[in-house]
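Fold and geometry: a report
One letter stands for each residue in the lines below.
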Amino acid sequence: MVSHGVQIVEGTIKDCLEVTSYIPEFGDNQYDEAVFRNRLLGTEHLILLAVRNNRNVGFKVGYRRDEDGSFYSWMGGVIPEFRKLGIAKKLADTQEEWAKKRSYTSITFKTRNYLKPMLIFALKNGFN
């Protein structure tokens, strides 16, 4: 998917880690390669990457966590200088299309209360 100079493609764990190094909310480095691998090991998953002008500027990772037909949108982020361009929405829409094609019945995610932009994003996109 390409829009506003942003292309959404499938990525890798290393791509995600590169992007998180530019996102202040991930400054605690608690999500290293081992954490990603443990979350995704042995389960259907999707790693999406937002690319603008050959630079990785955002990502979204999700996986099958439960056997209730839902897809768990685990983690994502956009580098601050690329926010407010609709990149997070493009990533979420692409993830939703992918999940629908695979017969998932819902998408779930959690966020922390102090991440106000993520709470607003969730509400704007129909999450409870």
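Keep in mind the model is a prediction, meaning the values are calculated, not measured. (Residues numbered from 1 in each chain as written. Predicted model: local features only at pLDDT ≥ 70, side-chain atom pairs only at ≥ 80, totals over all residues. Heavy atoms only, no water.)

Topic: the confidence of the model for the protein
We apply this condition: Confidence of the predictor at the level of single residues is given by pLDDT, which spans 0 to 100. Where helices and strands are cited, they refer to DSSP runs of H or I of at least four residues and of E of at least two residues respectively, numbered from the N terminus.
Chain-level pLDDT for the protein is 86 on average; 82% of the residues reach the 70-or-more range. Strand S3 (residues 45-52) holds the highest mean pLDDT among the elements of the protein, 98, whereas strand S1 (residues 2-3) holds the lowest, 53.

Observations concerning helix H1 (residues 13-20)
One full turn of an α-helix is made of 3.6 residues, so residues set three or four places apart face in the same direction. To keep it simple, the criterion reads: Buried means the residue's accessible area, taken with a 1.4 Å probe over protein chains only, is under 20% of the maximum for its type, while exposed means over 50%, and partly exposed covers the values in between. Taking the helix axis as origin, the arc is that swept by the directions to the C-beta atoms.
All buried positions along H1 are accounted for by Ile13, Cys16, Val19 and Thr20. The buried residues of H1 occupy an angular sector of 125° when the element is viewed end-on, so they sit on one face.

With respect to the environment of alanine 99
Counting through the fold element by element, alanine 99 comes out in helix H3 (residues 87-101). For alanine 99, a relative accessible area of 2% corresponds to the buried category. Along the primary structure alanine 99 and tyrosine 72 are separated by 27 residues, whereas in three dimensions their C-alpha atoms are 9.9 Å apart.

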